[in-house]
Amino acid sequence: MLHLVESVWGSTYVMQTVAVVCAIVVSSIGYNLRHRNYKGPKSYPLLGAAIGHIQNYHRLHHWLLTFFQKNSTIAAPMPINQVFYYTVDPANVKHILKTNFPNYPKGEVFQDRMQILLGDGIFNTDGEMWRTQRKTAAAEFSLKALRDFSADSFKEYACQLANVTAQLAFEGRSYDMQDLYMRMTLDSIGKIGFGVNIGSLSDSFPLPENEFAIAFDRANEIVTQRFIDPLWKLKRFLQVGGEADLNRNIRIVDDFVYGVIAKRKLERKERKAKPDAEQPEKADIISRFLDLSESGAHANMSDKILRDVVLNFVIAGRDTTAVTLSWMTYMLAEHPAVARRLYEELRAFHQRKVGARAGTWSWAREWEEIRQQLGEEEAERRKKELYLESMQKQVAEFTKLLNYESLKELNYMQAVLTETLRLFPAVPLDPKGILEDDVLPDGTFLKKGNLISYSPWCMARMKSIWGSDAAVFNPDRWLQSGVFVPESEYKFTTFQAGLRTCLGKDSAYLQLKIVAGTMCRFFEFRRTSNHYIMYRMMATLSMQGGLDAVPHLRTD
Ligand code: HEM
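None of the values given here were measured: they were computed from a predicted structure. Counting of residues starts from 1 at the beginning of each chain's written sequence and follows it residue by residue. Since the coordinates come from a predicted model, pLDDT governs what is reported: local features require at least 70, and pairs of side-chain atoms require 80 or more to be given and counted, while whole-chain, interface and lining totals use all residues. Derived side-chain values reflect all non-hydrogen atoms in the structure, with water molecules and hydrogen atoms excluded from consideration.

Peer 1: Just to check I follow, could you spell out the site of the ligand for this structure?
Peer 2: The environment of the ligand is made up of 24 residues, and the closest members are Lys106, Trp130, Arg134, Asp430 and Cys502. With respect to the ligand, the side chain of Arg134 contributes an N or O atom lying 2.7 Å from an oxygen atom. Numbered from the N terminus, helices here are DSSP runs of H or I no shorter than four residues, and strands are runs of E no shorter than two. Put simply, the parts of the chain that give the shell around the ligand at least two residues each are helix H6 (127-141), helix H13 (303-334) and strand E4 (430-433). Ranked by the residues each element gives to the shell around the ligand, the list is headed by H13, at 5 residues. Taken together, the residues that form the shell around the ligand break down as 13 nonpolar, 6 polar and 5 charged. Throughout, the term near means that a residue has one or more heavy atoms lying within 4 Å of the molecule or strand in question. N or O atoms closer than or at 3.5 Å make up a polar contact, with two conditions inside protein: a donor-capable atom paired with an acceptor-capable one, and, for residues adjacent in sequence, both atoms drawn from side chains. Classes in brief: Ala, Val, Leu, Ile, Met, Phe, Trp, Tyr, Cys and Pro nonpolar; Asp, Glu, Lys and Arg charged; the others, Gly included, polar.

Peer 1: Please clarify how a nonpolar patch on the surface should be interpreted in this entry.
Peer 2: Surface patches are defined over residues having more than 30% relative accessible area and no salt bridge, joining like charges when they lie within 9 Å and nonpolar side chains (Val, Leu, Ile, Met, Phe, Trp, Tyr) when within 5 Å. In this description, accessible areas are obtained by the Shrake-Rupley approach with a 1.4 Å probe, and a residue is regarded as covered only by the protein chains that are shown. We define a salt bridge as a side-chain nitrogen of Lys or Arg found within 4 Å of a carboxyl oxygen belonging to Asp or Glu. A contiguous nonpolar patch, built from Leu231, Leu234, Phe237, Leu238 and Val240 and spanning about 530 Å² of accessible area, is present on the exposed surface. Mapped onto the secondary structure, Leu238 falls in helix H10 (residues 232-238).

Peer 1: For this particular structure, what's the right way to read the packing of helix H8 (residues 177-194) against H13?
Peer 2: In helix packing, the relevant descriptors are the interaxial angle and the interaxial distance, both defined with respect to the helix axes. Axis separation between H8 and H13 bottoms out at 8 Å; the angle between their running directions is 150 degrees. Here H8 is positioned roughly antiparallel relative to H13, judged by the angle of their axes. Two packed elements cross with a definite hand, and for H8 against H13 that hand is right-handed. Listed contacts from H13 to Met177, Gln178, Tyr181, Met182, Met184, Thr185, Leu186, Ile189, Gly193 and Phe194 of H8 are Val310, Phe313, Val314, Gly317, Arg318, Asp319, Thr321, Ala322, Val323, Leu325, Ser326 and Thr329. Along the lines of polarity and charge, the residues of the contact of H8 with H13 split into 13 nonpolar, 7 polar and 2 charged. Comment: axis = line fitted to C-alpha atoms, over the contacting stretch for helices; angle = value between 0 and 180 degrees taken between N-to-C directions. By definition in this entry, angles of less than 35 degrees are roughly parallel, angles greater than 145 are roughly antiparallel, angles of 65 to 115 are roughly perpendicular, and the rest are oblique. Handedness of each helix crossing follows the sense of rotation of the near helix against the far helix: counterclockwise by less than a right angle gives left-handed, clockwise gives right-handed. Residues are treated as being in contact if the distance between any of their heavy atoms lies within 4.5 Å.

Peer 1: Got a minute to help me understand the pairing of strand E7 (residues 451-454) in this structure?
Peer 2: It is a general feature of regular strands that their side chains alternate between the two faces of the sheet. Buried, partly exposed and exposed residues are distinguished by accessible area as a fraction of the type maximum, computed with a 1.4 Å probe on protein chains only: under 20%, between the cut-offs, and over 50%, respectively. Alternating positions in E7 separate into two faces, Leu451 and Ser453 on one and Ile452 and Tyr454 on the other, with burial throughout. A pair of strands counts as paired when DSSP detects no fewer than two bridges linking them. Bridging between E4 and E7 involves 4 bridges; their strand directions are antiparallel. Across the sheet, Gly433 pairs through a bridge with Leu451, a residue of E7.

Peer 1: What exactly am I supposed to notice about the sheet that holds strand E1 (residues 73-78) here?
Peer 2: To summarise the sheet geometry, strands pair through backbone hydrogen bonds and adopt either a parallel or an antiparallel arrangement. Judged by pairing direction, the sheet is mixed, and its 4 strands sit side by side in the order E1-E2-E7-E4 without closing on themselves. Every other strand in the sheet has two partners, leaving E1 and E4 as the edge strands with one partner each. Between one strand axis and the next, the sheet turns through 25 degrees on average, direction left out of account. Packing against the sheet, helix H4 (residues 90-99) makes contact with E1, strand E2 (82-87), E4 and E7, and its axis sits at approximately 120 degrees to E7.

Peer 1: What exactly am I supposed to notice about helix H5 (residues 107-118) here?
Peer 2: The α-helix winds at 3.6 residues per turn, so residues separated by three or four positions along the chain end up facing the same way. What a helix should span is 1.5 Å times the count of its residues minus one. Between its first and last C-alpha atoms H5 spans 14 Å; for 12 residues at 1.5 Å apiece the expected length is 16 Å, and the helix comes up short by more than 12%. Considered for burial, the residues of H5 that qualify are Gly107, Val109, Phe110, Gln111, Arg113, Met114, Leu117 and Leu118. Downstream of H5 by one or two residues, Gly119 has phi in the positive range, about 55 degrees.

Peer 1: Looking at this structure, I do not really get the environment of Glu140. What am I missing?
Peer 2: Among the structural elements, Glu140 can be located in helix H6. Given the relative accessible area of 7%, Glu140 is considered buried. Between the C-alpha atoms of Glu140 and Arg288, which are 148 residues apart in sequence, the distance is 8.2 Å. In contact with Glu140, other than residues within four places in its own chain, are Leu146, Arg288 and Leu292.

Peer 1: When you look at the coordination of the iron atom of the ligand in this model, what are you seeing that I'm missing?
Peer 2: Each donor-metal-donor angle in an ideal tetrahedron of four donors is 109.5 degrees, and each such angle in an ideal octahedron of six donors is either 90 or 180 degrees. With water omitted from the atoms examined, metal sites may look incomplete; donors here are N, O and S atoms no farther than 2.8 Å from the metal, or 3.2 Å in the case of Na, K and Ca. Coordination of the iron atom of the ligand by the protein involves just one donor, Cys502 (SG), at a distance of 2.3 Å. Looking at where Cys502 falls in the secondary structure, it is placed in the loop between strand E9 (483-484) and helix H22 (505-522).

Peer 1: What is the right way to read helix H12 (residues 285-295) from this model?
Peer 2: Those residues of H12 lying buried are Ile285, Ile286, Ser287, Phe289, Leu290, Leu292 and Ser293. Near the N-terminus of H12, the side chain that reaches the backbone nitrogen of Ile286, with its oxygen 3.3 Å away, is that of Asp284.

Peer 1: What's the story with the packing of aromatic side chains in this structure? I'm lost.
Peer 2: Pairs of aromatic rings are described using the distance from one ring centre to the other and the angle between the two planes. For Phe, Tyr and Trp, rings pair up if their centres lie within 6.5 Å, where Trp contributes its six-membered ring, and each pair is then called stacked (planes under 30 degrees apart), edge-to-face (over 60) or tilted (otherwise). The final tally for this structure, using the stated rule, is 23 aromatic pairs. Note on Phe141 and Phe313: the rings are 5.8 Å apart at their centroids and 35 degrees apart in plane angle, and the pair reads as tilted. In this pair, Phe141 is assigned in helix H6 and Phe313 in helix H13, connecting sequence segments 172 residues apart. For Phe141, a relative accessible area of 23% puts it in the partly exposed group. Comment: the charge-over-ring label is applied if NZ (Lys) or CZ (Arg) is within 6 Å of the ring centre and within 35 degrees of the ring normal. Over the face of the ring belonging to Phe227 we find Arg113, whose NZ or CZ atom lies 5.6 Å from the ring centre.

Peer 1: Would you take a moment to explain the sheet that holds strand E10 (residues 523-527) for this structure?
Peer 2: The sheet built from 3 strands is open, its strands ordered E3-E13-E10 with antiparallel pairing. The sheet is open, and its two edges are formed by strand E3 (175-176) and E10, each paired on a single side. As judged from the 2 bridges shared by E3 and strand E13 (residues 548-553), these two strands associate in the antiparallel manner. Of the residues in E13, the one forming a bridge with Asp176 is Asp548. Here helix H7 (residues 144-171) sits on the sheet and contacts E3, E10 and E13; the angle it forms with E10, its principal contact strand, is near 60 degrees.

Below, the structure is given as C-alpha cells:
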C-alpha cells in the first residue's frame, strides 16, 4: 500500500516537474519569438530587461545612450507583459508629439505611478480635463498682471540670492550652489504660486531647513523609482520601503498646500466682508484660480483640485529652473573662457545702460575710495558691512535694468543657457502611453498599452543630430554672426514640443536670464574639486551631491 502511494505520488511529482519545465521552455520560445526583432538591452523570459534597468538605474541615461549608438529606437521588454520603447529619432518625436498626438497620452502607466503626487493636475491628465486646464493656464500665462508679478518676484529673489552669494565671496567660502538655486526658486514659486514668502533663502547662515522642500524632493524621487520597480504596488500595499516613506512625505506637502489654500480663502472672505478697507488683490496663481472659480469662468474648484493645480506648477517651475542654473554654473566653472565672455557681454550691457562709471563698478575701486575717506583702521573695522551694503545696492540697480525687452540684447547669455538646456535637459526622459498599435516613421512597430519615451538627454549627445561635437558644451553652436538662432523643437526637445509643449518656456527663460545675468555680472565660480558631477535619478535632472563651488567677486 505504502509502495503504491509512493509510486503514485512519485509519478505525479515527476509529471508536475515535466509540466513546469515544458511550460518554461514553451514560454521561453514564445518570448524569444515575440521579441526576436527587438533592439536594445538584453532581456530574459518573465523578467525582460528589468535586471538591466535595475542594475543601471543610477546611470540610466548613460546606459540608454550606449544602445542608441547602434539604433535610434530601442525596445526593452519588462515584466507583466510590458514593453518600454525608447527613441532619439526627431522624426519619431514629431510623430508622437504632433502628427499622431491623440495616440500618445500620458496614459495609465504614468498616471498610476504619479497620481499620489501630481493628482489631476495638468502634468497628469489627458483628454478634456487636460484641455480645460491647458486653456486656463495658457490664458493666465499671457496675462500682463501675472507676467509683471512674476518678473518682480524673479528680481526680488535674484537679489536675495546675489546677496547671500556676496557673503560667501567675502568669506571665500564654498557652498552647494544647487542648494542655493533650489531655495531661490522655491521662494519665488512660493510667491508666484501661493502668494507666500517661504523664506528658505534667508540672508544669514546657516540657512533654515525647509520641511516642505525636503518632503517634496523625497516624494518626487520615490514616485520616479516606481517606473522600474515591478513590485511597487505590493510595497505600497504592505507599506514597506520607500512606499511607506512616500505617504509621510505627501502628508507634509499636503498640509502645507491645504494650509495656504485655507489662508487665501479666509483673506478673500475678510476682503468681501470689508469691501472699503485697503486690501490689495493678490496676483498669485491660487488667488487667480479662486477668482476664476468664483466668477463662474471655471467650474467650482474643490480644494483637492486647487492643490493639484498649484503643486503641478511648483513641479513645473521650481526644480526645472534651479537644476538648469546649477548645470550652467558647473559648465561655466569648467569653461572659464565661456564664463569670461559672458561676463564681458553683461558688463558691456551694464555700461550701455547706465554709463561707463556705474557700469564698470568694482568693489576694489570703491574700497580704495572708502579707505581714503574713512582712514585705514575705521574702513577695515567696517569692511564687511560696507561691502555687503555696496553689493546690495549694485545688485538691486543692475536687476532693475533687466526686463523682457532689454534681455533680448544678451545673445551670448541666451546661447549659454540654451546650450546648458540642450546638454542637461531638466526633464531628461519623457514617457508617453500608447493607446493603439502604431508604426513610427522609422518603421518601429509599437504595441498598444505600453510606454514610449523620447530622451532629450541622449538626443543632445547624438552626433547624427548635433554633429561631431554633440557632447561638447559649445554655446557658439547657437549663434550666427553673434545673433542667437533657435533650432527645430523636435531636435531641441528640452521644452517638449507639439501640442503639449511647455507653457512656461518664456517665464523660465525670463527667470534664468535674470538670475544668470545677475550672478555672472558680479561673480565667477570655482569648484572645490574636479570630480565628474552625476545626476540624481528623478523626474528632473538634479545633481547627485550638489555643486560645491566658491564664488569670487569679479574685480575688473
Ligand atoms: C528650464 C525650465 C523648464 C523646462 C526645461 C521645462 C520643460 C517642460 C517639459 C519637458 C514639459 C513636458 C512635460 C510632460 O511630458 O508633460 C513641460 C510642460 C509644462 N511646463 Fe515646463 N519647463 C520649464 C519651466 C517651466 C515653468 C517655469 C513653468 C511655469 C511655472 C512651466 C510650466 C509647464 C506646464 C504648465 C507644462 C504642462 C503642459 C501640458 O501638459 O500641456 N514650465 N515643461
